[in-house]
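# Coordinates in review
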Amino acid sequence: MNLLVTGGCGFVGLNLLGALTNRPIKEVRIVDNLTNSSRGNLETVLSYISGDRVQRVAADQWVLPGTEGEWTVKLIEADIRDAEAMRTLSDGIDATINLAAQSGVPASLDDPRFDLEQNVIGTFNLLEACRAHSVGTFITASSAAVLGDAAPPQKEDQRILPLSPYGASKAATEIYCSAYNASFGLNTLAFRFSNVYGPFSWRKGSVVALFIKKLLSGEAICINGDGSQRRDFLYVSDLAEVVADAALGRLQGPIPWGEAVNISTGIQTSVSHLAECIQREAERVGVPCPIEHAPARTGDVSASAPSPQRLETLQPTLKMRRLEEGLPQTVDWFIQNWRT
Ligand SMILES: NC(=O)c1ccc[n+]([C@@H]2O[C@H](COP(=O)([O-])OP(=O)(O)OC[C@H]3O[C@@H](n4cnc5c(N)ncnc54)[C@H](O)[C@@H]3O)[C@@H](O)[C@H]2O)c1
């Protein structure tokens, strides 16, 4: 199977490669403009997942052993806003996984037009490229932010009411996916990720990565608002398993093509409780962990509580890791791999 993965050098994309190595993949074409990652990050991950058995066979092309035979990874430095490039690169592809995005709420408030161009136009270009080359499946990364402050449990069929331009741009991509499914028969799924954390989050500014980086830099961790805001923290490898299975047609049916599916744990944790967990981790690894408070941030929702009910019907055997399990693994990864 041949996959196109946009944003494949980013946090989720790098972890997805780990999930793909156990599956029958022939080629992965990564499209990334490297604005939020680097070639070096990709090479580190390819070495890691292959146990140092990756071979560089050409510039930006590698062959790796996988459990189902050798597979090839190609990096194409390109921008999803380039419609022509996306069309060319989609030739011979069976499934596209779209992870490239402007992925932050604060950045979307600073520059809503950039957010729209990256997330909406970029996704539209990829949908058009799929249509041109009869790609079978299109998986895109959406977010629990599309529902804004909807009362929990947040289900996929609730009214879309984003609070930020980021939530709006993700909602627009979901609606385009739905239309391409209905109009052109493209198998689309928009996965609404909850708050993802885990290894290879070098550059992430989301709360878990941010707190760990502060901790390891000897700085105070800062809670915005009163800390009662609740999040569903999702370990990245669990997310990667779902996305890989969806792209390979391995979800159990009936699959709600054209619709959104939450990927979440169903467990809500307040930011204050997360800070306490980080303090326990600080004790474990022997570093101090002062906490300070700052005003609440605009666009932050009070509770993100996406229901995992729909996902459980598609992947009944998957057990999502709890924060107590995933957090120590993430802290240990940062200690070994991150330098200030
Ligand atoms: N990480 C989370 O907690 C989370 C939560 C909800 C949704 N998501 C969504 O998941 C997806 C992946 O998130 P991530 O955390 O890996 O983000 P990331 O920023 O780590 O990765 C995105 C990658 O896309 C690349 N990129 C950005 N704009 C591009 C463009 N125009 N063309 C080509 N490449 C481009 C970046 O260089 C980067 O490598 C995003 O769509 C994000 O909105 C993430």
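Residues numbered from 1 in each chain as written. Predicted model: local features only at pLDDT ≥ 70, side-chain atom pairs only at ≥ 80, totals over all residues. Heavy atoms only, no water.

Once that is clear, we can look at the site of the ligand. Taken together, 30 residues lie near the ligand, and Asp32, Asn36, Gln118, Tyr166 and Lys204 sit nearest. A distance of 2.9 Å separates an oxygen atom of the ligand from a polar atom in the backbone of Val12. Measuring from an oxygen atom of the ligand, one finds a side-chain N or O atom of Asp32 at 2.7 Å. Of all the elements in the fold, those that place two or more residues in the shell around the ligand are helix H1 (11-20), strand S7 (137-143), helix H6 (165-184) and strand S9 (195-197). The biggest single contributor to the shell around the ligand is S7, with 3 residues. By residue class, the composition of the shell around the ligand is 13 nonpolar, 12 polar and 5 charged. (Near = heavy atom within 4 Å. Polar contact = N/O pair within 3.5 Å; in protein donor to acceptor, adjacent residues only side chain to side chain. Helix = DSSP H or I, 4+ residues; strand = E, 2+ residues; numbered from the N terminus. Nonpolar A, V, L, I, M, F, W, Y, C, P; charged D, E, K, R; others polar.)

To continue, consider H6. The terminal C-alpha atoms of H6 lie 28 Å apart, and with 20 residues this matches the ideal 28 Å at 1.5 Å per residue to within 8%. Those residues of H6 not exposed but buried are Tyr166, Gly167, Ser169, Lys170, Ala171, Thr173, Glu174, Cys177, Tyr180 and Asn181. For H6, the elements touching its buried residues are helix H4 (105-110), helix H5 (112-133), S7, strand S8 (187-193) and strand S13 (259-263). Just downstream of H6 lies Gly185, where phi reads positive at about 75°. (Expected span 1.5 Å × (residues − 1). Buried < 20%, exposed > 50% of the residue type's maximum accessible area, 1.4 Å probe, protein only. Contact = heavy atoms within 4.5 Å.)

Here the focus is the pattern of salt bridges. Applying the stated rule across the entire model yields 16 salt bridges. Here Arg23 makes a salt bridge to Glu241, at a shortest N to O gap of 2.9 Å. Residue Arg23 is located in the loop between H1 and strand S2 (27-32), and its partner Glu241 is located in helix H8 (residues 236-247); the two are separated by 218 residues in the primary sequence. Residue Arg23 is classed as buried on the basis of its relative accessible area of 7%. The salt bridge involving Arg322 is made with Glu324; its shortest N-O contact spans 3.6 Å. Assessed through its relative accessible area of 49%, Glu324 is described here as partly exposed. One network of salt bridges, in which partners are shared, links Arg23, Glu241 and Asp245. (Salt bridge = Lys/Arg side-chain N within 4 Å of Asp/Glu carboxyl O.)

Counted under the stated rule, the structure contains 1 cavity of 30 Å³ or more. Mapped by element, the contributors of at least two residues to the lining of the largest cavity are S9, helix H7 (207-217) and helix H11 (323-337). Broken down by element, the residue count for the lining of the largest cavity peaks at 3 residues, all from H7. Among the residues forming the lining of the largest cavity, the class breakdown is 7 nonpolar, 4 polar and 1 charged. (1 Å grid on protein atoms, 1.4 Å probe; cavity = no way out; pocket = protein on both sides within 12 Å on 5 of 7 lines; lining within 4 Å. Points joined across faces, edges and corners; volume = space filled by probe spheres on them.)

The omega torsion across Pro152 and Pro153 is -5°, close enough to zero to call that bond cis. Among the structural elements, Pro153 can be located in the loop between S7 and H6. For the bond running from Gly253 to Pro254, omega is -5°, close enough to zero to count as cis. Mapped onto the fold, Pro254 is located in the loop between H8 and S13. Despite not being glycine, Asp52 has its phi angle at roughly 65°, a positive value. Structurally, Asp52 is set in the loop between helix H2 (39-49) and strand S3 (55-58). Residue class for Asp52 comes out exposed when judged on its relative accessible area of 64%. Positioned with a positive phi, Phe200 is a non-glycine residue whose angle comes to about 65°. Secondary-structure assignment places Phe200 in the loop between S9 and H7. For Phe200, a relative accessible area of 8% translates into the label buried.

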